[in-house]
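# Overview (structure and organization)
If you want the building blocks of each chain, they are given just below.
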Amino acid sequence: MQMTFRWYGEGNDSITPEMIKQIPGVTGLVWALHDKQAGEVWEVEEIEEARRQIEGAGFNMDVVESVNVHDDIKIGLPTRDQYIENYKTTLRNLAKFGVKVVTYNFMPIFDWTRTDLFHPLEDGSTALFYEKDRIQDDYKEMADYILNNLHGMTFPGWEPERMAKLDELFEAYRPVTKEKLWENLKYFLEAIMPTCHETGIKMAIHQDDPPWDIFGIPRLLCDKESIGRFLSMVDDEYNCLCLCSGSLGANPKNNVADIVRTYCDRIAFAHIRNVRHYPNGDFTEASHRDCDGDTGILEIVRAYHDCGYTGYVRPDHGRHIWGEKCRPGYGLYDRALGIMYLWGCWDMLERIEGKVAK
């Protein structure tokens, strides 16, 4: 596996590439142009500046997370074709810099959803938390809470410009049923697959987080069956997954290791993180250590290893520990600890098979 670390760029992250360089085994920075709105073309000059920062620090820039999909594409409006053309142009521009994987999601209105960004845990750390009963009433209250706790940093999927238009967005999505959303996703993928073949870029879709409908909004990629539908709907080697153990693991019925084994040949990028469930349906994010959560980290890593996975991996959301002031879920310390836990699991599996870990 190829270990990476998500980085939000100069002036937009409390963590520097020099810090990340000291985490053993990290070879790539997962990046994006976070000031670009969905639907805008990523220009060559802008990508070149990101390349200067990333490759200049000794990392590859193979994985982009994310090139966001415009709402008109998800809704299926006539204007979607122009936004799809813009997306194709962005893919061609990214290919000029050797980008190999582009992550995206097809979640309507909200990206990932949590009700507490700094929920206190028993050990004194804090973590992202989901309180099920609070995701039934006022979506504006939840959005305002998140925006007011980002401390001036950008957060993909929670752009203030979009959040200011929540009522308009909900009205626009009102006619979009789950089946219509599936149709719109297929339309988008079929339109861009020729460009993916042309550029060699794999599209890696992130699962819905949490993996169930919220505020009456349909969610698509929630379990093994829906992932199978997605992959067969556009059965193309460039139509891939960004498999997120935490998003899928939020539903205790999902066996993430089994999903890895079933679809490993279509996983272009892996997010590995841990979730702990509560009996009432709430969940909190936890350390990567297997016994600290319910996701099955050991079996997930074993599944990737057994499948001979050589793709990109990153530790996903971490706790906020040791007083670190950071972007919610994206501190340095706990994600670095997560990397070392994942490497420890991987190296032991390599040793058991008589291989020399690299």
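Our subject is the structure listed above.
What counts and what doesn't
Residues numbered from 1 in each chain as written. Predicted model: local features only at pLDDT ≥ 70, side-chain atom pairs only at ≥ 80, totals over all residues. Heavy atoms only, no water. Pairing = 2+ DSSP bridges. Helix = DSSP H or I, 4+ residues; strand = E, 2+ residues; numbered from the N terminus. Axes fitted to C-alpha atoms, helices over the stretch in contact; angles between N-to-C directions. Contact = heavy atoms within 4.5 Å. Buried < 20%, exposed > 50% of the residue type's maximum accessible area, 1.4 Å probe, protein only. Polar contact = N/O pair within 3.5 Å; in protein donor to acceptor, adjacent residues only side chain to side chain. Patch = residues over 30% accessible without salt bridge, like charges linked within 9 Å, V, L, I, M, F, W, Y side chains within 5 Å. Areas by Shrake-Rupley, 256 points an atom, 1.4 Å probe, with all protein chains shown as cover. Salt bridge = Lys/Arg side-chain N within 4 Å of Asp/Glu carboxyl O. Core = buried A, V, L, I, M, F, W, Y, C linked by side-chain atoms within 4.5 Å. Phe/Tyr/Trp six-rings, centres within 6.5 Å; stacked < 30°, edge-to-face > 60°. Lys NZ or Arg CZ within 6 Å of the ring centre and 35° of its normal. Disulfide = S-S within 2.5 Å. Expected span 1.5 Å × (residues − 1). Parallel < 35°, antiparallel > 145°, perpendicular 65-115°, else oblique. Left-handed = near helix turned anticlockwise from the far one by under 90°. Nonpolar A, V, L, I, M, F, W, Y, C, P; charged D, E, K, R; others polar.

Glancing now at the sheet that holds strand β9 (residues 267-272). The strand order across the open sheet formed by 8 strands is β2-β1-β12-β9-β8-β7-β4-β3, and the pairing between neighbours is parallel. Strand pairing shows two members of the sheet lacking a second neighbour, β2 (26-30) and β3 (63-65), which therefore form its edges. Pairwise comparison of adjacent strand axes, ignoring direction, gives a mean angle of 30° for this sheet. In the sheet, β3 pairs with strand β4 (residues 101-104) via 3 bridges, with the strands oriented parallel. Pairing of Glu65 across the sheet is with Thr103, part of β4. Along the sheet, helix α9 (residues 224-233) makes contact with β4, β7 (202-206) and β8 (239-244), crossing β8 at roughly 160°. In the packing of helix α13 (residues 333-352) onto the sheet, the strands contacted are β1 (2-6), β2, β9 and β12 (312-315), and the crossing angle to β1 comes to about 170°.

Here Gln207 lies in the loop between β7 and α9. Exposure remark for Gln207: the relative accessible area of 0% places this residue in the buried category. At 3.3 Å, the side chain of Gln207 and the backbone oxygen of Ile205 are in polar contact. Residues contacting Gln207, with those up to four places away along its chain left out, are Met107, Leu221, Ile227, Leu241, Cys242, Leu243, Cys244, Ser247 and Leu248.

So, about a nonpolar patch on the surface. Where nonpolar side chains cluster on the molecular surface, the patch consists of Trp322, Tyr333 and Leu337 and spans about 360 Å² of accessible area. Here Leu337 lies in helix α13.

With 95 residues, the main nonpolar core has Trp31, Leu185, Phe188, Phe230 and Tyr304 as its most contacted residues. Not counting residues up to four positions away in its chain, the partners in contact with Leu185 are Tyr104, Phe106, Ile205, Leu220, Leu221, Phe230 and Met233.

Okay, the packing of aromatic side chains next. This structure, assessed with the given rule, holds 13 aromatic pairs. With 5.6 Å between their ring centres and 70° between their planes, Tyr130 and Trp212 make a pair best called edge-to-face. Here Tyr130 is found in strand β6 (residues 126-130), whereas its partner Trp212 is found in the loop between β7 and α9, with 82 residues between them in sequence. Residue classification places Tyr130 among the buried residues on the basis of a relative accessible area of 2%. For the pair Trp322 and Tyr333, a centre-to-centre distance of 5.4 Å together with 45° between the ring planes defines the contact as tilted. You can see Trp322 sitting in the loop between β12 and α13 and its partner Tyr333 sitting in helix α13, a full 11 residues away along the chain. The structure contains a cluster of three or more aromatic residues connected by ring pairs, namely Tyr87, Tyr104, Phe106 and Phe188. Its guanidinium or amino end placed over the ring of Phe59, Lys21 lies 4.7 Å from that ring's centre, counting from NZ or CZ. Here the basic side chain of Arg327 rests over the ring of Tyr8, its NZ or CZ set 3.7 Å away from the ring centre.

The final tally for this structure, using the stated rule, is 0 disulfides. Cysteine Cys244 is unpaired, with the sulfur of Cys242 as its nearest cysteine sulfur at 6.6 Å. Assessed through its relative accessible area of 0%, Cys244 is described here as buried.

Taken together, the 4 strands give an open sheet; going across it, the order is β5-β6-β11-β10, and neighbouring strands pair in antiparallel fashion. Looking at strand neighbours, the two that pair on one side only are β5 (116-120) and β10 (274-277), the edges of this open sheet. Taken over all neighbouring pairs, the strand axes of this sheet differ in orientation by 40° on average, direction set aside. As judged from the 4 bridges shared by β10 and strand β11 (residues 283-286), these two strands associate in the antiparallel manner. Opposite Arg276, over in β11, you have Thr284 as the bridge partner.

For the rest of this paragraph, the subject is the pairing of β7. The buried count for β7 comes to 4 of 5 residues, which makes it a mostly enclosed element. When β4 meets β7, the two strands line up parallel, connected through 4 bridges. Bridge pairing in β7 places Val102 opposite Met203. In the sheet, β7 pairs with β8 via 4 bridges, with the strands oriented parallel.

We now examine helix α4 (residues 80-95). The end-to-end C-alpha distance of α4 is 23 Å, a good match for the 22 Å that 16 residues give at a rise of 1.5 Å each. Residues Arg80, Ile84, Asn86, Tyr87, Lys88, Thr90, Leu91, Asn93 and Leu94 constitute the buried set of α4. Considering only its buried residues, α4 is in contact with α2 (44-56), β3, α3 (71-75), β4, α8 (178-199) and β7.

Another point: the environment of Thr4. Position of Thr4 among the secondary structure elements: in strand β1. Apart from residues lying up to four places away in sequence, Thr4 is in contact with Val26, Gly28, Val30, Phe269, Tyr312, Val313, Arg314, Pro315 and Ile339.

Moving on: the packing of α8 against α9. Packing of α8 against α9 brings their axes to within 10 Å, and their N-to-C directions diverge by 40°. Of the possible angle classes, the one that applies to α8 and α9 is oblique. Considering only the axes of α8 and α9, their crossing is right-handed. Across from Glu179, Trp182, Leu185, Lys186 and Leu189 in α8, the residues of α9 making contact are Ser226, Arg229, Phe230 and Met233. Of the residues in the contact of α8 with α9, the class split is 5 nonpolar, 1 polar and 3 charged.

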